Amino acid sequence: MRTCLLVSSALIAGFFCMSQPAPSPQKKVKQYPLFESDSILNLEIRGNLRSVMRDREDDAEYHYVDLLAPDTAGNMEATRIRVRSRGNFRRSRANCEYPPLWINLPKDSISPSSIFANLNKVKLVMPCTDPEYIVREYMVYKVYNLFTPYSFRARLVNITFRDSSRLDKPDRFYGILLEPEEIMAKRNGFDLYEKKGVNSSYIVPSEFHRMAVFQFFAGNTDWSLPFLHNIKLMGNDTTLPPIPVPYDFDHTGLVNASYAYPAEELRLPSVRVRRYRGYCLDDYAKDLAPVFAMFKEKRAQVEALYQNQPGLSDNYIKSTLRFIDDFYKLIDNPKKAKMEFNYPCAHKDGGEVQIKGMNN
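Note that the structure is predicted; figures quoted are calculated from it, not measured.

Cut-offs applied
- Residues numbered from 1 in each chain as written.
- Predicted model: local features only at pLDDT ≥ 70, side-chain atom pairs only at ≥ 80, totals over all residues.
- Heavy atoms only, no water.
- Pairing = 2+ DSSP bridges.
- Helix = DSSP H or I, 4+ residues; strand = E, 2+ residues; numbered from the N terminus.
- Contact = heavy atoms within 4.5 Å.
- Axes fitted to C-alpha atoms, helices over the stretch in contact; angles between N-to-C directions.
- Expected span 1.5 Å × (residues − 1).
- Buried < 20%, exposed > 50% of the residue type's maximum accessible area, 1.4 Å probe, protein only.
- Salt bridge = Lys/Arg side-chain N within 4 Å of Asp/Glu carboxyl O.
- Left-handed = near helix turned anticlockwise from the far one by under 90°.
- Nonpolar A, V, L, I, M, F, W, Y, C, P; charged D, E, K, R; others polar.
- Polar contact = N/O pair within 3.5 Å; in protein donor to acceptor, adjacent residues only side chain to side chain.
- Core = buried A, V, L, I, M, F, W, Y, C linked by side-chain atoms within 4.5 Å.

K.L.:
Please explain the sheet that holds strand 10 (residues 191-192) as it appears in this structure.
P.N.:
Strand-to-strand pairing in sheets goes through backbone hydrogen bonds, with the strands running parallel or antiparallel. Taken in spatial order, the three strands of this open sheet run 10-11-12, and their pairing is antiparallel. Looking at which strands have only one partner, the edges of the open sheet turn out to be strand 10 and strand 12 (243-246). Note that strand 11 (residues 231-235) and strand 12 share four bridges and pair antiparallel. Residue pairing in the sheet places Leu233 in a bridge with Pro244 of strand 12. Across the sheet, helix 4 (residues 205-218) is in contact with strand 11 and strand 12; its angle to strand 12 comes to roughly 20°.

Shown next as structure tokens:
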């Protein structure tokens, strides 16, 4: 569908015509059993894990370890795999006890009945400080799944980390396995769009507004579309507007991690203070009305997720439901909503404020 609109802001002005990307048909859709269930998956990783934890440089190497995981029938399988550290903030030993990992699965050793069938490389999110933060971050992915299939699927895993030097003293904690970006894009009939410098106003409006309001809802300012910071883009054609898909939510107000702080440039006291980082809209109430309606429709499902998720403390659930309630009170209050969602119009930097570290 071709759409023409008038855009007027401190950054851009004029008429723009956009074509909504249409998903391309898939001849054969592969099945990925890892992401077909919401049950907590039990895994064990064995090997020289001390070496893996120490190897956190930019050129970190792969290390061979053994992965024990159930197949689709529930029988435990052992597979020789390779892992290495990844990430930015969470890879640093100064910030996190465990770095996030890449799991590299050998194609010739993964059976069709494996829970990892058809997968080659998967991100594993490891605990940084408080183990509960992992479950909290997992919840943000699950909430966004309620709003759109243009989102990453995630699987919460209960990991036993057994180092070869002390097999009788394993570490146990939660982790998150994330759907590979290529698979997420193909599942939706798109390809990845690897291009930086895309202006927010060029994105399919309905998709950008939904994503930007969700980031506001979650209390997330740790993202940048032009620099593809914690955002992936996908589409059918690099000449057409792409669709944004957010990820990496540990710096959100919903997670409320003790180590998370907003960027200095945003002048916010904490991640529990929301800031809308979309672009200036001439009529925010009209443009965002469909998104607000969707949030209201999904409210009961969002709250039910938090009320029924194992691994979350009662105090956290109560405080998070209050944080969520604050969002709904705001969008129901025209005066407060106007102040928050017109923020990009009232400030020169708008929603495109450049944050140090995001422009590399």
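K.L.:
Hey, could you run me through helix 4 in this one?
P.N.:
One turn of an α-helix holds 3.6 residues; hence residues three or four places apart share an orientation. Helix length check: helix 4 (14 residues) gives 20 Å between terminal C-alpha atoms against 20 Å at 1.5 Å per residue, within 8%. Most of helix 4 sits inside the fold, with twelve of its 14 residues counted as buried. Where helix 4 terminates, the next one or two residues include Gly219, which has phi positive at roughly 75°.

K.L.:
Got a minute to help me understand the pairing of strand 4 (residues 63-70) in this structure?
P.N.:
Moving residue by residue along a regular strand, the side chains alternate between the two faces of the sheet. Of all eight residues in strand 4, six are buried, a share of seventy percent or more. With three bridges connecting them, strand 3 (residues 41-47) and strand 4 associate as antiparallel partners. Bridge assignment links Arg46 to a residue of strand 4, and that residue is Asp66. Sheet analysis places strand 4 next to strand 5 (residues 76-85), joined by eight bridges and oriented antiparallel. The residue of strand 5 that forms the bridge with Tyr64 is Arg82.

K.L.:
Would you mind showing me how to read helix 6 (residues 314-331) here?
P.N.:
Over its 18 residues, helix 6 extends 26 Å from the first C-alpha to the last, a length consistent with the 26 Å expected when each residue adds 1.5 Å. Taken residue by residue, helix 6 has Tyr316, Ile317, Ser319, Thr320, Leu321, Phe323, Ile324, Phe327, Tyr328, Leu330 and Ile331 as its buried positions. Packing partners of the buried residues in helix 6 comprise helix 2 (132-147), helix 4, helix 5 (284-307) and helix 7 (334-341).

K.L.:
Teacher, can you tell me more about the pattern of salt bridges here?
P.N.:
Pairing is possible between side chains that carry opposite charge, provided their charged atoms lie close to one another. Per the counting criterion, the structure on display carries 19 salt bridges. With its nearest N and O atoms 3.4 Å apart, the salt bridge here joins Lys232 to Glu181. With Lys232 in strand 11 and Glu181 in helix 3 (residues 181-187), this pair connects stretches of sequence that are 51 residues apart. Note on accessibility: Lys232 and Glu181 belong to one class, buried. The closest approach of N and O atoms between Arg299 and Asp325, which form a salt bridge, is 2.7 Å. On the criterion of sequence distance, the pair formed by Arg299 in helix 5 and Asp325 in helix 6 is long-range, its members being 26 residues apart. Among the residues examined, Arg299 registers a relative accessible area of 24% and is labelled partly exposed.

K.L.:
Please clarify how unusual backbone geometry should be interpreted in this entry.
P.N.:
Among all residues save glycine, negative phi is the norm, and among peptide bonds the norm is trans. The backbone of Leu228 shows a phi angle near 50°, a positive value even though the residue is not glycine. Relative to the helices and strands, Leu228 is located in the loop between helix 4 and strand 11. Phi at Asn230 takes a positive value of approximately 60°, unusual for a residue other than glycine. Position of Asn230 among the secondary structure elements: in the loop between helix 4 and strand 11.

K.L.:
Would you mind going over the packing of helix 2 against helix 4 with me for this structure?
P.N.:
Between two packed helices, the angle of one axis relative to the other and the distance separating the axes together describe the packing. Two numbers describe how helix 2 lies on helix 4: the axes approach to 12 Å, and their chain directions differ by 145°. Considering how the two elements wind past one another, helix 2 and helix 4 form a crossing that is right-handed. Counting all contacts with helix 2, which are made through Val140, Val143, Tyr144 and Phe147, the residues of helix 4 involved are Arg210, Met211, Phe214, Phe217 and Ala218. Across the contact of helix 2 with helix 4, the residue classes break down as eight nonpolar, no polar and one charged.

K.L.:
So what exactly am I meant to see when it comes to the sheet that holds strand 6 (residues 101-104) here?
P.N.:
Pairing within the closed barrel is mixed, and its seven strands lie in the order 3-4-5-6-7-9-8. Strand-to-strand, the axes of this sheet are offset by a mean angle of 40°, without reference to chain direction. Bridging between strand 5 and strand 6 involves four bridges; their strand directions are antiparallel. Note that in strand 6 the partner of Ser85 across the bridge is Leu101.

K.L.:
Just checking my understanding: could you explain the environment of Tyr328 for this structure?
P.N.:
As for its position among the elements, Tyr328 is in helix 6. C-alpha of Tyr328 to C-alpha of Phe295: the two residues are 33 residues apart in sequence and 8.4 Å apart in space. Residue contacts for Tyr328: discarding those within four places in its chain leaves Phe217, Phe295, Lys296 and Arg299. Reaching out from Tyr328, the side chain makes a polar contact with the backbone oxygen of Phe295 at a distance of 2.6 Å.

K.L.:
Before we go on, may I ask you to explain the nonpolar core in this structure?
P.N.:
The nonpolar side chains of a soluble globular protein tend to be buried, and buried together. Counting 72 residues, the largest nonpolar core has Val213, Phe214, Phe217, Phe295, Tyr306 and Phe341 as the members making the most contacts within it. With ten residues, helix 2 is the single largest residue contributor to this core. If we skip the residues at most four places from it in the chain, Val213 touches Tyr276, Leu288, Val291, Phe292, Phe295, Phe327 and Phe341. Membership of the second largest hydrophobic core comes to 31 residues, among which are Phe116, Leu124, Ile159 and Ile183.

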